[in-house]
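Geometric and topological summary
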Amino acid sequence: MDIIIFTMFEKLKRKSFKFKIMMTYILGLIIIGVSGYGYFIASQVRNLNNQVKEQREELIKQYKFMARTAVAVAENMINVMQNLALEGKLSKEQLKRMALENLNTIKYAPAGYVWCIKEDGTVLLDPPKPEITGKNIFKLKSAPYTTLAKLIENFRIQNGDFIEYDWYYPGIDSRTFKKISFVKDIPSVHWIIGSGFYLKDIEDRVNLFKEKQMRELIKSILLSLIPGIASSLVSLLIMYMLVLKMIKSVEDVADIAGRLIEDEASVNMKLPVITDGAIGKLIHNTNQYIEHLTKMIKFKEDLELTETEEEIFQLIGEFMEREFNVTKYRIYSVKDDKLRLVREKGELQCQWHDKCMKAAKKGIIMEEVCTENENYICYPIMSSQELMGVIELTLKKENLKVIKKTLNKFIQSSGHNINIKRLTKTLRELSLKDKLTDLYNRRFLEETIQAITSAAERQNIKIGIVMIDIDDFKKVNDTYGHSAGDEALKTVADILKAHFRRKSDLIVRYGGEEFLVIVQDVEENRLVEMLKEFKDEVSTTLIKSNGSTMKLTVSVGYSIFPVDTRDIKEAIEFADKALYKAKASGKNKIVRFKGGKDA
């Protein structure tokens, strides 16, 4: 080995000076390239791992929030049923059956649902494993039931907390997956309810994110290698020319030295200037990346502080104006294929709106030449392949390429936050509306009644308080069945919506077959006309169910706030008393409250 090294060293010594300089320079380029790009790649991989970790933590945080929200909605549903049972409007069996039916409708995320178990261990609801319904989980002696049973027993001390266990995934019967559930005890019905998410869903999304970022990283590395290699080749060529000139200069010096003895010659040598190459560009790219990452972190922090979808769109507009000097744009919210303009600035001279919307629905960024100095760009705001919104804007052509790509990253980072805000709003609305009639329930009435009366007092307007009851509703259920009764309730609700359709009108399913209508800013004679039209339409409407046809009548009682009383709750009681008079005096009537006397 020593002989081989010695031989190579001797051969190297015999090489020309030009060869030695070029080999030294090439070795230096290799060392600089490997160390520089090695550090760059290592830092990018480290940043990618941090992003993946942050993404996983963020998703777990968001999914835990959805699980808590789902359990809160489920608890509210049970409480509503419990209140109806306490009022004698539902039996205990009806309470439990209707509560379980309502719990089974709560769905969110890829595999989010609510499960329910009695405190004694009997399974009441588990969508992925319906075959264990009615079985006692404490008596099932195989995994994963034993694990969940122990957690539930321990949970009695940790009520309102998260537990982790293996469970069956919806649609996959052959294996179990790790799951995290938020669990809560409902003492009023002796139930334990829970809702959670599978770590499989988290990891699937994280892996997709990681794969996408890895592709972008590889692409970035390859793209940054191209100018590095090109600059190295150019510098190598320049170095080679430098060496040739230097050797020529040495030869010229030697030649001139000989001529100097004879006083025949002079020496003239020029040195080339070497400019910055790939290393300078690498540092520039790294500084740009750090600046971009800092802005992205700040933008995400601001997104977390928003409470509504509208605030997110406002944040996007302010960010585009501040960071990218965008002065002409429109931001649209898209929900159920309906487009709504939520923010705009300046005037867009380009007429590409229809084409923009078609491209946005496919998740495609569209770009067109707008004017000599501006380009029109249409950005879709996506979340899990669902269109959340659309932004159309114009950008000046200088720095267009850099701004266009960077701006898109910021815009797309807001899509999931918009989706979360919508999901939260939807879950809240589920707790405030009656499932059968799609009317507001009494809980919504309690939350809004004070605001309604305060506004009426400020504006000095009258409010009609109307109580409506379907006559002989029990006979409908007994004669035609409960499905016919449900159809009757929906029909009356639809007629109410048709007659009281102003935005200020509030229709509430007060309980059972009883409805409450609050009609703002109305004179009594007009209110009576509206009630007569409503009552007459109900009595002439044919309702078909299960092959049978039936007719209904309704009894109506009403009072006027603040004429009859300045207490809105008392006004509702007065309307209820008038309703009682209408039913007691023959039904299918409209009675006004007059201090206990019939109208």
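Structure shown above.
Quick caveat, the model's predicted, so the values are computed rather than measured. Here the residue numbers are simple positions, counted from 1 along each chain's written sequence. Owing to the predicted nature of the model, reporting of local features is limited to residues with pLDDT of at least 70; listing and counting of side-chain atom pairs is limited to 80 or more, with chain, interface and lining totals taken over all residues. In computing side-chain properties, one takes all heavy atoms of the structure into account and sets aside hydrogens as well as water.

Scanning the protein chain for helices and strands turns up 15 helices and 17 strands. Think of it in three bands: residues with accessible area under 20% of the maximum for their type are buried, residues over 50% are exposed, and the middle band is partly exposed, with areas taken using a 1.4 Å probe on protein chains only. With 599 residues in all, the protein chain has 41% of them scored as buried. Any two residues having at least one pair of non-hydrogen atoms within 4.5 Å are treated as being in contact. When contacts within the protein chain are restricted to residue pairs at least 6 apart in sequence, those whose partners lie at least 24 apart make up 60%. A 1.4 Å probe and the Shrake-Rupley method give the accessible areas. Residues count as covered only by the protein chains that appear here. With an accessible surface of roughly 33,900 Å², the protein chain has 54% of that area assigned to carbon and sulfur atoms. For the purposes of this entry, the term helix denotes a DSSP run of H or I that reaches at least four residues, the term strand denotes a run of E that reaches at least two, and both are numbered from the N terminus.

On to the packing of aromatic side chains. Under the pairing criterion, centres of Phe, Tyr and Trp rings, with the six-membered ring standing for Trp, must be within 6.5 Å; the plane angle then separates stacked pairs below 30 degrees from edge-to-face pairs above 60, leaving the rest tilted. Scanning all chains against the criterion turns up twelve aromatic pairs. The interplanar angle of 70 degrees and the centroid separation of 5.7 Å between the aromatic rings of Tyr 169 and Phe 177 together place this pair among those described as edge-to-face. Each member of the pair Tyr 169 and Phe 177 is classed as buried. Charge over a ring is defined by NZ of Lys or CZ of Arg lying within 6 Å of the ring centre and within 35 degrees of the ring normal. The side chain of Lys 129 reaches across the aromatic face of Tyr 168, ending 3.9 Å from its centre.

The side-chain alternation of strand β8 (residues 366–369) yields one buried face, formed by Met 366 and Glu 368, and one unburied face, formed by Glu 367 and Val 369. The criterion for strand pairing is that DSSP finds at least two bridges linking the strands in question. Of the pairings in the sheet, the one linking β8 to strand β9 (residues 374–383) comprises four bridges and is antiparallel in character. Within the sheet, the bridge partner assigned to Val 369 lies in β9 and is Asn 375. Connecting the antiparallel pair β8 and β9 is a turn made up of four residues.

Another point: a positive patch on the surface. Together, Lys 219, Lys 401, Lys 405 and Lys 409 make up a positively charged patch on the protein surface. By the secondary structure assignment, Lys 405 is in helix α9 (residues 400–412). By definition, no residue in a patch forms a salt bridge, and every one has over 30% relative accessible area; like charges are joined within 9 Å, nonpolar side chains (Val, Leu, Ile, Met, Phe, Trp, Tyr) within 5 Å. Only one rule defines a salt bridge in this text: a Lys or Arg side-chain nitrogen within 4 Å of an Asp or Glu carboxyl oxygen. The convention is simple: Lys and Arg are positive, Asp and Glu are negative, and His and the chain ends are not counted. One atom stands in for each charge, and that atom is NZ of Lys, CZ of Arg, CG of Asp or CD of Glu.

This paragraph deals with the pattern of salt bridges. Per the counting criterion, the structure on display carries 30 salt bridges. A salt bridge links Lys 129 to Glu 131, with the shortest nitrogen-to-oxygen separation between them at 3.0 Å. Judged by relative accessible area, which is 44%, Glu 131 ranks as partly exposed. Between Arg 343 and Glu 321 there is a salt bridge; the shortest N-O distance is 3.5 Å. Placement of the pair is Arg 343 in strand β7 (residues 338–345) and Glu 321 in helix α7 (residues 309–324), with a sequence separation of 22 residues. Using a relative accessible area of 22% as the deciding quantity, one classes Arg 343 as partly exposed. Exposure remark for Glu 321: the relative accessible area of 23% places this residue in the partly exposed category. Via salt bridges that share partners, Glu 87, Lys 89 and Arg 442 belong to a single interconnected network.

Following Ala 143, the chain continues to Pro 144 via a peptide bond in cis, the omega torsion being 5 degrees. The omega torsion across Phe 561 and Pro 562 is 0 degrees, close enough to zero to call that bond cis. Examined against the element boundaries, Pro 562 turns out to sit in the loop between β16 (554–561) and α15 (568–584). Of note, the phi angle at Lys 587 is positive, near 70 degrees, even though the residue is not glycine. Positionally, Lys 587 belongs in the loop between α15 and β17 (590–592).

Attention now moves to the state of the cysteines. A covalent bond between the sulfur atoms of two cysteines is what we call a disulfide. Disulfide: a pair of cysteine sulfur atoms within 2.5 Å of each other. One pass over the structure, following the stated rule, counts two disulfides. The partner cysteine of Cys 350 in its disulfide is Cys 370, sulfur to sulfur 1.6 Å. Separated by 20 residues along the polypeptide, Cys 350 in the loop between β7 and α8 (353–361) and Cys 370 in the loop between β8 and β9 bring together distant segments of the chain. Going through the protein chain in sequence order and numbering each bonded cysteine, the pairs you get are 1-3, 2-4.

So, about the side chain of Thr 491. Mapped onto the elements of the fold, Thr 491 is located in helix α13 (residues 482–499). Judged by its relative accessible area of 15%, Thr 491 falls in the buried class. Leave out the neighbours within four places in its chain, and Thr 491 touches Thr 541 and Ile 543.

With that settled, the discussion passes to the packing of α13 against helix α14 (residues 524–540). The interhelical angle for the contact between α13 and α14, taken along N-to-C directions, is 145 degrees, at an axis separation of 10 Å. As α13 packs across α14, the resulting crossing turns out to be right-handed. Two secondary-structure elements touch here, α13 through Val 492, Ile 495, Leu 496 and His 499 and α14 through Met 530, Glu 533, Phe 534, Glu 537 and Val 538. Here the contact of α13 with α14 is built from residues that sort into six nonpolar, one polar and two charged. In this analysis an axis means a line fitted to C-alpha atoms, helices contributing only their contacting stretch, and an angle means the value between N-to-C directions, from 0 to 180 degrees. By the definition used in this description, the sense in which the near helix is turned from the far one sets the handedness, with an anticlockwise turn below a right angle giving left-handed and a clockwise turn giving right-handed. Residues are sorted three ways: Asp, Glu, Lys and Arg are charged, Ala, Val, Leu, Ile, Met, Phe, Trp, Tyr, Cys and Pro are nonpolar, and all the rest, Gly among them, are polar.

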